[in-house]
Amino acid sequence: AQKITQTQPGMFVQEKEAVTLDCTYDTSDQSYGLFWYKQPSSGEMIFLIYQGSYDEQNATEGRYSLNFQKARKSANLVISASQLGDSAMYFCAMREPYNTGNQFYFGTGTSLTVIP
Amino acid sequence: DAGITQSPRYKITETGRQVTLMCHQTWSHSYMFWYRQDLGHGLRLIYYSAAADITDKGEVPDGYVVSRSKTENFPLTLESATRSQTSVYFCASTDRDVDSGNTIYFGEGSWLTVV
């Protein structure tokens, strides 16, 4: 079974609109971390936001927020007020520190295009 | 701060040749990883290491060899390169402190083409 599932290969959003990128995860651990990364066309991987499994509030970092629904095992990324520079690949990832030796599992990514 | 660096950044090699991708980090992170990125597959873990002299296989280890004699270095060797190993390779590292939500830090990537 896939540890991280991103079902949207590509998404389009109008500039200044909000967009939600979906991510579901699979784990039997109680303690885990969820991350989102951005990969622009230049190729580097940029850390965006983190949510711990015990955190009761959704994480926010500027225009990024993580909609964490533990019972549904989903960790969707919400980007508010999209900008042209947000066009990139976005990867959801999970860390299981106690179960799998601190491995990070990544989804297949969502390609976001912001339309002017 | 140098962070995590990979070399070479770009490499073209022939089928059957041995290729080594170097990775060096300056943070003294315990954990280091090698991923390959292919369209439609996201990032797949090749090998990882929890500390010097401790390595373990990831999801796609076949055809690759790693070593970690020093904490800061984690080279990846393709013993006999095949066309299916054409990919972008990312080295990454993270700290041992699992409770703080430490992210994984990536190198800039190594673009490898096997012809």
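First, a word on what this report is: a plain description of the structure on this page. Quick caveat: nothing in here was measured; it's all calculated off a predicted structure.

### What about the interface of chain A and chain B?
Between chain A and chain B, the residue contacts involve 20 residues of the former and 23 residues of the latter. With both chains or domains summed, chain A and chain B bury close to 1700 Å², and 58% of this area falls on carbon and sulfur atoms. Per-residue buried area on chain A facing chain B is highest for R95(A), F104(A) and F106(A); these three make up 27% of the total on that side. Where chain A touches chain B, the interface holds 0 salt bridges.

### Looking at the state of the cysteines
Counted according to the given criterion, the structure contains 2 disulfides over all chains. At a sulfur-sulfur separation of 2.0 Å, the disulfide partner of C23(A) is C92(A). With the S-S bond torsion at -65°, the cross-link from C23(A) to C92(A) turns out left-handed. Of this pair, C23(A) sits in the loop between β3 (19-21) and β4 (24-25) while C92(A) sits in strand β10 (residues 88-96), placing them 69 residues apart in sequence. One disulfide bridge connects C23(B) with C91(B), the sulfur atoms lying 1.8 Å from each other. Handedness here is read from the sign of the S-S torsion; for C23(B) and C91(B), about -75°, the answer is left-handed. Of the two residues, C23(B) is situated in strand β3 (residues 19-25) and C91(B) in strand β9 (residues 87-94); the sequence distance between them amounts to 68 residues. The pair C23(B) / C91(B) is uniform in exposure class, with both members buried.

The rules behind the values
Residues numbered from 1 in each chain as written. Chains lettered and ligands numbered in written order. Predicted model: local features only at pLDDT ≥ 70, side-chain atom pairs only at ≥ 80, totals over all residues. Heavy atoms only, no water. Contact = heavy atoms within 4.5 Å. Buried area = accessible area lost by both parts, 1.4 Å probe. Salt bridge = Lys/Arg side-chain N within 4 Å of Asp/Glu carboxyl O. Disulfide = S-S within 2.5 Å. Helix = DSSP H or I, 4+ residues; strand = E, 2+ residues; numbered from the N terminus. Buried < 20%, exposed > 50% of the residue type's maximum accessible area, 1.4 Å probe, protein only.

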